[in-house]
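# Close look at the chain arrangement
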Protein chains: 2
Amino acid sequence: MSTQTATSLQAEVNRLRLQLESLQAKDGSEPINVGDYLLARLEQLKVTKMFGVPGDFNLGFLDLVEDHPSIDWVGNCNELNAAYAADGYARVKEHSIGVVLTTFGVGELSAINGIAGAFSEMVPVLHIAGVPSISQQKTKPMLHHTLGDGRYDAYIKAAENFSISTAILTDKATAATEIDRVLTDCITRARPVYLTLPTNLVYEKISSERLKIPLSRLPPPNDPDTESFVLDEVVKLVKDAADDVVILVDACAIRHDVRAEVNELITKTGYPVFSAPMGKTAVSENYERYGGIYVGSISHPDIKEQVESAKLILSIGCLKSDFNTGNFTYSIPTARTVELHSDHTKVQFAAYQGIGMKELLPLLTARLERSAASNVTIPDFSAAVPNEADDVISQAWFWPKMGTFFKPKDVIIAETGTSSFGILDIPLPEGSVFVSQILWGSIGWTIGSTLGAAFAAQDVGLNRTILFIGDGSLQLTVQELSSMLRHKLKPIIFVLNNSGYTIERFLHGKHRKYNDIANWKWTSLLSVLGDQDGTLSKSYTVNNKEELSALLQDATFAKADKIQLVEVMMPMHDAPRALVQQAELSGKTNAYVAI
Amino acid sequence: MSTQTATSLQAEVNRLRLQLESLQAKDGSEPINVGDYLLARLEQLKVTKMFGVPGDFNLGFLDLVEDHPSIDWVGNCNELNAAYAADGYARVKEHSIGVVLTTFGVGELSAINGIAGAFSEMVPVLHIAGVPSISQQKTKPMLHHTLGDGRYDAYIKAAENFSISTAILTDKATAATEIDRVLTDCITRARPVYLTLPTNLVYEKISSERLKIPLSRLPPPNDPDTESFVLDEVVKLVKDAADDVVILVDACAIRHDVRAEVNELITKTGYPVFSAPMGKTAVSENYERYGGIYVGSISHPDIKEQVESAKLILSIGCLKSDFNTGNFTYSIPTARTVELHSDHTKVQFAAYQGIGMKELLPLLTARLERSAASNVTIPDFSAAVPNEADDVISQAWFWPKMGTFFKPKDVIIAETGTSSFGILDIPLPEGSVFVSQILWGSIGWTIGSTLGAAFAAQDVGLNRTILFIGDGSLQLTVQELSSMLRHKLKPIIFVLNNSGYTIERFLHGKHRKYNDIANWKWTSLLSVLGDQDGTLSKSYTVNNKEELSALLQDATFAKADKIQLVEVMMPMHDAPRALVQQAELSGKTNAYVAI
């Protein structure tokens, strides 16, 4: 019996024990508030921060949160930013989840775009909505925060569209099992879940027995026969490819927790490794067999060549969204592809449901050997700072320049726009974590997610948190700078001031007024939003190459021991190569003409 | 035949003509873009401003908006604020609607709380979501802003919960009728509607014939027999009450456009008139027969007495939410009540569906006469500035003091919290408009709604726009101050700095840290968010009674010829009487204990 099968069996044993235990739970043994039960589960999941905004219907629960010894309440400025923060926290803190607490109607609906983004990008977030008591839900009085027509279920109906599962708590008898069910879904399927907590249940006493068995994050085990068959098929393809194999890592390698397994695979085999944009830093970009970012037709030519000419592509955790694939321009025939996913495998044209990569990868690694491919030349993934005649901070110069500033274990966050495209070509250091929202693409997300990511970075011992955000995007969510200050986080925030929504300009309306924005005093924001005496933060404007270079060399700046904001003056109609090309492709498919 | 029946018939004639015309529409006569057809309808509805945020999928339509001669594009900082602005615009600009344009997924979901609030409070808002082309909706590629699992209908499903009707445009053949249908629903039912505009339809040419017939905002006519019966019943009750009748106006008197009809009724009969909080300024608070605000058990004793002892209460457009009724403490027996609504009438215990007040009110007025009740004493509705020993700006002093500052036709906006409760007891001048969100109660709403209201005030020749908002609430939506500056609006914004979420403190957690907020430099906000050289705005801090009094006396300040922000320093644990009482009542029903 392989070790993997033993692990699967053990997981099954644990699950069965949990079921038995809950049936055997003795009433009254160490009773606990429902609210505290929930917090205990979150603590088990290593949650240290809860995001959200106080509101009627969640205040009673908030007392428990504020009093909790290891979970801190982070009062955000608004609920959308809070949901963004929970998302960012979960991305950086592997094996934990993000949690956002809102209030009935007004709060939860404000957060819903943040939850939808987490759903889209497979981020485990728990959304707790404090709601009226069960008796009020039955009698449906016209409370504030209701729709006035008696529909108390409208928010649940909305939430269901963006949650992998929901728990609508109705009584103490089922509260614990419901909480456990929905948290288990959250961690095993890496998507948001929604839980309503009625005011009258928060302090109901229930048994704490179930807490003795931690929740299991293991996915259901692969069927052994199918798995065995699949392995044989894959190994056969590898042999047929005479080891001309390339590995392509993508979003779900991170989101579904197989980075360690992937690392084993790549170091054993030595296959060339590339990454889709959403998989950037799934594998260390410092790894000697790593060749850079593959993004369909807009890849660098040598990367495009190497990936598309390989006899076999092992695609791990792919998420083929438009911006992640150069607008769907992968030129990789299905016949030459094996796709590994969290819950299915594709071998050429055959799909094998229920065969997940968490278990499959180690078995595959065991069957493969260091190959001749380990000697194949990899394109040099580097980004030299170009020599430009003038002193303007161009996009083409800025990103490679920033590449010289990053350090191992930095958390590097790039807002949708010039940032998320510009950063792609820049190798990030060992142990660094790349954070962006390339599929959902909600501008302004990164201010909230930076807050969450910075907290998580503290928890897991990462280095600095560095954010790149455009001026247009910053306007959507600016107030959350206040929370960063309030909690003494120390991100470095580069604000790209190029007077407008640049990604929109390149999609459509290059010279349109609607792509302009109001000009703010960017370098006064931190002062106004909480740095009362000017000692908690530092802000800079860099107008040209010389000023930026000098700042990056400044040891105090680099040390990042207080929150810092850098306004970077950049030309209006400049954009990274990748954005220009992507926008051109997207623009063609956005048929603003009769078809 | 009564004039009312003639009007109803005429409306029916118009509707029939419209149907005929659409059937007879000749192809190719003055073809018009679908996008321009929509804008033409909005122009007919006297829309002058469109709120929203540019995003992929709406940029092609945005070109038409930007080029439109009479509809201005207002690019907001984020979509929630944009929806709030559309709501505020619609409230102040009677007989028009608010319009907000967002993009697929990320934009529309960010706005949804704003739409839900408009739904709840019966405000006609059109939400246009720019969406991918019809062919993309069929093939469902994994575009940015999608959920990654192929569900292209998830946002529609969410929106349906908060829209009175939806139009999902699919082809040019039905575009005009769909647009007309949903706009008609919006204006006749005074609730939000949702329309998706695919990129490929914006420039499709369709006939413009239908535009010749304006959309009708008249509700369906009352059935004559039922109406006649109801009138007799009501008149009988009035006679039985020996004219001891009191009129209570509420939200829907405003929302469903019967202020003129109500005015006729009250001036003819001379009955004492009171208002629920949500009906404040439906009737002029300057009217000599107007006695003030009735709010159940927390009303002023003489108002409570007069309303509750009347033999008959004519309730016009009531919306009996918790904060609107002193937590449901109306002590008015059903047997003594007649309720008039937009689509039904209640006479004591009998309900008459389909009998709307728009038609009924004039008929009722015709049957009534000036009564002895016109001599009954009305409580004196005034708010004397109390003599307080110290110099602290207390809630009890602040609101009456502000009462001395208001002028006729001012638009006065009060955020949920101390403001919305504190302002209730203050008589507002002739022609002024009170704006608040007492049922939905989403804090921060007023920054967005003030933007919209200020635009509308310009359109309809109202006076100054004056906003009262708490420091906690301002943090949620602060960026929209930028849009006010950018469009040279001139509201006066009073920021009540009492260090936290005061309404929450009084609901629960008075001394809890979660009710604290970060302290911002409130008087620097306008400078940082767009007043680059300091000439476009003015900000003040008033620390005590003397400073506030002096400011209110300052003629330049009062003239409000530029945007102004006043930080008002107030004690942390002080609240208006009405809020204290309401919070106490609400707190009892929020059972944070086992029941």
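Residues numbered from 1 in each chain as written. Chains lettered and ligands numbered in written order. Predicted model: local features only at pLDDT ≥ 70, side-chain atom pairs only at ≥ 80, totals over all residues. Heavy atoms only, no water.

- Under the annotation held in an unreviewed UniProt entry, chain A carries the name Pyruvate decarboxylase and is attributed to Favolaschia claudopus.
- The Subcellular location (unreviewed entry) field of the UniProt record for chain A holds the comment "Mitochondrion".
- Checking UniProt for chain A, the heading Sequence similarities (unreviewed entry) contains the comment "Belongs to the TPP enzyme family." (UniProt positions renumbered as here; feature names shortened; annotations may be inferred.)

## Let's talk about the relation of the copies chain B and chain A
- Overlaying chain B on chain A yields an RMSD of 0.0 Å, the required transformation being a rotation through 180° with an accompanying axial translation of 0.0 Å. One copy is carried onto the other by what is essentially a two-fold rotation axis. Distance from the rotation axis, computed per C-alpha, reaches its smallest value in chain B at A158(B): 2.2 Å.
- Residue by residue, 100% of the interface of chain B is reproduced at the interface of chain A, so both copies engage with the same surface. (Least-squares fit on C-alpha atoms with pLDDT ≥ 70 in both. Contact = heavy atoms within 4.5 Å.)

## Section: the sheet that holds strand β4 (residues 98–103) of chain A
Residues and elements named next belong to chain A.
- Reading across the sheet, the 6 strands line up as β3-β2-β4-β5-β7-β6 and stay open at both edges, with parallel pairing between neighbours. Of all strands in the sheet, those with a lone pairing partner are β3 (72–75) and β6 (165–168), marking the two edges. On average, each strand axis in the sheet is inclined to that of its neighbour by 20°, with strand direction left out of account.
- Pairing of strand β2 (residues 49–52) with β3, which is carried by 4 bridges, proceeds in the parallel orientation. Its bridge partner being in β3, M50 is matched across the sheet by W73. (Pairing = 2+ DSSP bridges. Helix = DSSP H or I, 4+ residues; strand = E, 2+ residues; numbered from the N terminus. Axes fitted to C-alpha atoms, helices over the stretch in contact; angles between N-to-C directions.)

## Quick look at the UniProt feature "domain: Thiamine pyrophosphate enzyme TPP-binding" (unreviewed entry) in chain A
- In the numbering adopted here, UniProt assigns the feature "domain: Thiamine pyrophosphate enzyme TPP-binding" (unreviewed entry) to residues 434–568 of chain A.
- Helix makes up 40% of residues 434–568 of chain A and strand 19%, with an end-to-end C-alpha separation of 21 Å.

## Details of the sheet that holds strand β17 (residues 433–435) of chain B
Residue and element names in this part refer to chain B.
- If you trace the 6 strands from one edge of the open sheet to the other, you get β17-β16-β18-β19-β21-β20, paired in parallel fashion. Looking at strand neighbours, the two that pair on one side only are β17 and β20 (537–542), the edges of this open sheet. Across the sheet, the axes of successive neighbouring strands diverge by a mean angle of 15°, strand direction being ignored.
- Relative to strand β21 (residues 563–569), β20 runs parallel, the two being bridged by 6 bridges. Note that in β21 the partner of V542 across the bridge is V568.
- Sheet contacts for helix α16 (residues 445–459): β16 (411–414), β17 and β18 (465–470); angle to β18, the most-contacted strand, approximately 180°.
- Each of β19 (492–497), β20 and β21 touches helix α21 (residues 545–553); the most contacted strand, β20, lies at about 150° to it.

## A few points about the pattern of salt bridges
- What the rule picks out here adds up to 56 salt bridges over all chains.
- The salt bridge involving R512(B) is made with D63(A); its shortest N-O contact spans 3.0 Å. On the criterion of chain membership, the pair formed by R512(B) in the loop between α19 (502–507) and α20 (525–528) and D63(A) in helix α3 (residues 59–67) is interchain, its members lying in two chains.
- Here R512(B) falls in the buried class, since its relative accessible area comes to 19%. (Salt bridge = Lys/Arg side-chain N within 4 Å of Asp/Glu carboxyl O. Buried < 20%, exposed > 50% of the residue type's maximum accessible area, 1.4 Å probe, protein only.)

## Section: the side chain of S315(A)
Residue and element names in this part refer to chain A.
- Mapped onto the secondary structure, S315 falls in strand β12 (residues 312–316).
- For S315, a relative accessible area of 5% corresponds to the buried category.
- Setting aside its immediate chain neighbours within four residues, S315 contacts L248, T337, V338, E339 and L340.

## Examining unusual backbone geometry
- Positive phi, normally seen in glycine, also occurs at H95(A), with a value near 70°.
- Note that H95(A) resides in the loop between α4 (79–92) and β4.
- Accessibility expressed as a relative area gives 32% for H95(A), which makes it partly exposed.
- In the Ramachandran plot, Q348(B) falls in the positive-phi region, its phi being about 50° despite a non-glycine side chain.
- Mapped onto the elements of the fold, Q348(B) is located in the loop between β14 (344–347) and β15 (350–353).

## Comments concerning the domain arrangement of chain A
Residues and elements named next belong to chain A.
- When its domains are assigned, chain A resolves into domain 1 (3–212), domain 2 (224–375) and domain 3 (395–585).
- With 23 residues of domain 1 in contact, the opposing surface of domain 3 contributes 29 residues.
- Buried area between domain 1 and domain 3, summed over both chains or domains, comes out near 2000 Å², and the portion from carbon and sulfur atoms is 62%.
- Here domain 1 and domain 3 share 1 salt bridge between them.
- For D459, the salt bridge identified is with K93, shortest N-O distance 2.6 Å.
- Summed over the shared surface of domain 1 and domain 3, the result is 14 residue pairs in polar contact (both at pLDDT 80 or more).
- Sorting the residues of the side of domain 1 that touches domain 3 by element identifies β2, β3, α4 and α5 (106–120) as the ones contributing at least two each.
- Considered class by class, the residues forming the side of domain 1 that touches domain 3 number 9 nonpolar, 9 polar and 5 charged. (Domains from an automatic or database assignment. Buried area = accessible area lost by both parts, 1.4 Å probe. Polar contact = N/O pair within 3.5 Å; in protein donor to acceptor, adjacent residues only side chain to side chain. Nonpolar A, V, L, I, M, F, W, Y, C, P; charged D, E, K, R; others polar.)

## Quick notes on the interface of chain B and chain A
- Taken residue by residue, the interface counts 98 residues in chain B and 98 residues in chain A.
- Roughly 8200 Å² of surface becomes buried between chain B and chain A when both sides are summed, with 55% attributable to carbon and sulfur atoms.
- Joining chain B to chain A, the criterion identifies 6 salt bridges.
- Across the pair R512(B) and D67(A) runs a salt bridge, and its minimum N-O distance is 2.7 Å.

## Examining the state of the cysteines
All names here are of chain A.
- A complete count under the given rule lists 0 disulfides over all chains for this structure.
- With no disulfide of its own, C186 has C252 as its nearest cysteine by sulfur position, at a separation of 15 Å.
- The exposure class assigned to C186 is buried, which follows from its relative accessible area of 0%. (Disulfide = S-S within 2.5 Å.)

## Notes on the packing of helix α4 (residues 79–92) of chain B against helix α5 (residues 106–120) of chain B
Residue and element names in this part refer to chain B.
- Put simply, α4 and α5 touch, their axes get as near as 7 Å, and they point 30° apart. Compared by their axis directions, α4 and α5 come out roughly parallel. For the pair α4 and α5, the sense of crossing is right-handed. Contact residues: α4 offers E79, L80, A83, Y84 and D87, while α5 offers G107, S110, A111, N113, G114, I115, G117 and A118. (Parallel < 35°, antiparallel > 145°, perpendicular 65-115°, else oblique. Left-handed = near helix turned anticlockwise from the far one by under 90°.)

## So, the UniProt feature "binding site: Mg(2+)" (unreviewed entry) in chain A
All names here are of chain A.
- Feature annotation in UniProt assigns "binding site: Mg(2+)" (unreviewed entry) to the following positions: D471, N498 and G500. Spanning 30 residues, the annotated positions come together in the fold, the maximum distance between their C-alpha atoms being 7.1 Å.
- By the element assignment, N498 lies in the loop between β19 (492–497) and α19 (502–507).
- What makes N498 buried here is its relative accessible area of 2%.
- Ignoring anything within four residues of it in the chain, the contact list for N498 reads Q395, T418, D471, M570, P571 and M572.
- Tracing the backbone through its elements, the reader meets G500 in the loop between β19 and α19.
- With relative accessibility at 4%, the residue G500 sits in the buried group.
- Dropping the residues within four chain positions of it, G500 is found in contact with D471, G472, R505, N515, D516 and I517.

## Side note on the nonpolar core
- Among the nonpolar cores identified, the biggest contains 150 residues, and F162(A), L481(A), L525(A), F162(B), L481(B) and L525(B) are the most heavily contacted of them.
- If we ignore the near neighbours within four places in the chain, the residues touching F162(A) are I112(A), I115(A), A116(A), F119(A), P192(A), L109(B), L147(B), A154(B), Y155(B) and A158(B). (Core = buried A, V, L, I, M, F, W, Y, C linked by side-chain atoms within 4.5 Å.)

## Considering the packing of aromatic side chains
- In the structure shown here, the tally under the stated rule is 44 aromatic pairs over all chains.
- Both rings, one in F104(A) and one in Y155(A), keep their centres 4.9 Å apart while their planes meet at 70°; by these two values the pair is edge-to-face. Within this pair, whereas F104(A) is found in the loop between β4 and α5, its partner Y155(A) is found in helix α7 (residues 154–160), the two being separated by 51 residues in sequence.
- For F104(A), a relative accessible area of 3% gives the class buried.
- By relative accessible area, Y155(A) is classed as buried at 2%.
- Where Y540(A) meets F557(A), the ring centres are 5.4 Å apart and the plane angle is 90°; that geometry is what we call edge-to-face. Note that Y540(A) is positioned in strand β20 (residues 537–542) and F557(A) in helix α22 (residues 555–559), a separation of 17 residues in sequence. You'll find Y540(A) and F557(A) in the same group, each marked buried.
- Clustering of aromatic rings is evident, with ring pairs tying together F398(A), W399(A), F405(A), F406(A), F468(A), F494(A), Y540(A) and F557(A).
- In this structure, R464(B) packs its charged tip against the face of F405(B), placed 4.4 Å from the ring centre. (Phe/Tyr/Trp six-rings, centres within 6.5 Å; stacked < 30°, edge-to-face > 60°. Lys NZ or Arg CZ within 6 Å of the ring centre and 35° of its normal.)

## Some points on α5(B)
Residues and elements named next belong to chain B.
- Counted at 1.5 Å a residue, the expected span for α5 with its 15 residues is 21 Å, and the 23 Å between its end C-alpha atoms agrees.
- Taken as a whole, α5 carries its principal kink of about 45° at I112.
- Counting buried positions along α5 yields 15 of 15 residues, so the element is predominantly enclosed.
- Just past α5, the residue M122 takes up positive phi, approximately 60°. (Expected span 1.5 Å × (residues − 1). Bend = angle between axes of the 7 residues up to and from the residue.)

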